[in-house]
Amino acid sequence: MTGLVQALVFGILAGGVYALMATGLTLTFGVMKIVNMAQGAFLVLSAYLCYSLWAHLGIDPLLGSVIAAVPLGLIGAGVYRFVIERVQRTDHGLTIVVTFALAIVAEALIALAWGPNPASATPAYFNQAFRIDSVTIPKAQLYACLLAIAVTGALQAGLRRTWLGHSITAAAENPEGARLVGVDPRRTGTWVFAIATAATGFGGAALSFLYQFTPDSQDTWIALTLSVVILGGLGSVTGAFAAGLLLGLAESITTAYISVRWAEAVPTILILLVLLIRPQGLFTRAGRQDAPA
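Residues numbered from 1 in each chain as written. Predicted model: local features only at pLDDT ≥ 70, side-chain atom pairs only at ≥ 80, totals over all residues. Heavy atoms only, no water.

1. A few points about the packing of aromatic side chains
To keep it simple, the criterion reads: A pair of aromatic rings is counted whenever rings of Phe, Tyr or Trp (Trp by its six-membered ring) have centres within 6.5 Å, and the orientation is called stacked for planes under 30 degrees apart, edge-to-face for over 60 and tilted otherwise. Charge-over-ring contacts are defined here by two conditions on Lys NZ or Arg CZ: a distance within 6 Å of the ring centre and an angle within 35 degrees of the ring normal.
One pass over the full model with this rule turns up eight aromatic pairs. Members of the aromatic cluster, connected to one another through ring pairs, are Y48, Y51, W54, W114 and F213. A cation over a ring is seen here: K139 above F130, with NZ or CZ 4.9 Å from the ring centre.

Printed below as a string of structure tokens:
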């Protein structure tokens, strides 16, 4: 019984981290119908920024995430205004190619700035844990999961209770109708990309002290975040959080009771099942196919 509880604890904590890393991709994918292949590169960039703040200034990565979110948000706004928006005027489908190219360029720039060697922050709580009877709760994973809950709650509240959130929702559900009520798609798109990229800063903070990373680590993390988005459903922040928890639990239980090798295949298996049974995602409602766009 203790083994099962421990596996559930590890799965929930890991799932919260996965959800945190996928938040930005969820917004751009769901709201703007853009598969941002540069999401993994932005995640690694934010990890390096948080690592540098910790290594050179002694700033905790969790606090550093707030600082890193600012330049990342500016980068996201610039990418949309000067790259994505221009490409969309020609062919919306080319955005996936352009963001993939951005990921390659970003990886090269990160390697030039920080070098190819693995990096990882080790704050004071890095190898500490709480203990409840015989169950261990690692502090680093717990703090990252709590950060995921806070970021998810803040984004959800912003989407539901602010004018900007209503504009983003309107632009996602009915772009033409949104224009009629004064919502500027260009401005809304800029805000979405800025917020999505800034949110990546928090995921990068978790990455900086939970895992070792290199400039080419983006390949691993873009695959994982895409898995979370597909499982949770397009544009659903809470759905992405639930999907992250599901993925973390599935990996943890598979590792504990089957094999670590099988755990690596869990995301692929879950995606195949979801695409076959519920293509719109586990935590979103299917839209009517006869409804006008």
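2. So, the environment of G281
Where we set the bar: Secondary structure is summarised from DSSP: a helix means a run of H or I of at least four residues, a strand means a run of E of at least two, and numbering begins at the N terminus for each. Contact criterion: two residues are considered in contact whenever any of their non-hydrogen atoms come within 4.5 Å of each other.
Within the secondary structure layout, G281 lies in the segment after α11 (260–277). Put simply, G281 and V83 are 198 residues apart on the chain and 29 Å apart in space, counted from C-alpha to C-alpha. Setting aside anything within four residues of it in sequence, one finds G281 in contact with I230, L231, G232, G233 and V274.

3. Concerning the packing of helix α9 (residues 218–232) against α11
Packed helix pairs are characterised by how far apart their axes lie and by the angle those axes make with each other. Selection rule: Axes here mean lines fitted to C-alpha atoms, for a helix over just the part in contact, with angles spanning 0 to 180 degrees between N-to-C directions. Should an angle fall under 35 degrees it is called roughly parallel, over 145 degrees roughly antiparallel, and 65 to 115 degrees roughly perpendicular, with every other angle called oblique. Definitions for this section: a left-handed crossing has its near helix turned counterclockwise from the far helix by less than a right angle. A right-handed crossing has that turn clockwise.
Closest axis-to-axis distance for the α9/α11 pair is 10 Å, and the angle between their directions is 30°. With respect to α11, the axis of α9 lies roughly parallel. Of the two possible hands of crossing, α9 and α11 adopt the one that is left-handed. Listed contacts from α11 to S227, I230 and L231 of α9 are P267, L270, I271, V274 and L275.

4. As for the pairing of strand β1 (residues 129–132)
For a regular strand, side-chain orientation follows a simple rule: the groups alternate between the two sheet faces. Condition: For two strands to be treated as a pair, DSSP must find no fewer than two bridges joining them.
Sheet topology note: the β1/strand β2 (residues 135–138) ladder contains four bridges and is antiparallel. In the strand pairing of β2, I132 is matched with V135.

5. With respect to the confidence of the model for the protein
For clarity, the cut-off: By definition, pLDDT measures how confident the predictor is in each residue, and it falls between 0 and 100.
With 94% of its residues at a pLDDT of 70 or more, the protein shows a mean pLDDT of 85. Taken element by element, the predicted model of the protein shows its lowest mean pLDDT in helix α7 (residues 175–180) (73) and its highest in helix α2 (residues 39–57) (94). Every residue in residues 287–293 scores below 50 in pLDDT, and together they form zero contacts with partners more than four places removed in sequence or on other chains.

6. Observations regarding the pairing of β2
Here is the rule we go by: Think of it in three bands: with a 1.4 Å probe and only protein chains considered, a residue is buried below 20% of the maximum accessible area for its type, exposed above 50%, and partly exposed in between.
Across the two faces of β2 the burial is the same, with V135 and I137 and T136 and P138 all buried. The turn linking β1 back onto β2 is made up of two residues, and D133 within it adopts a positive phi angle of 55°.

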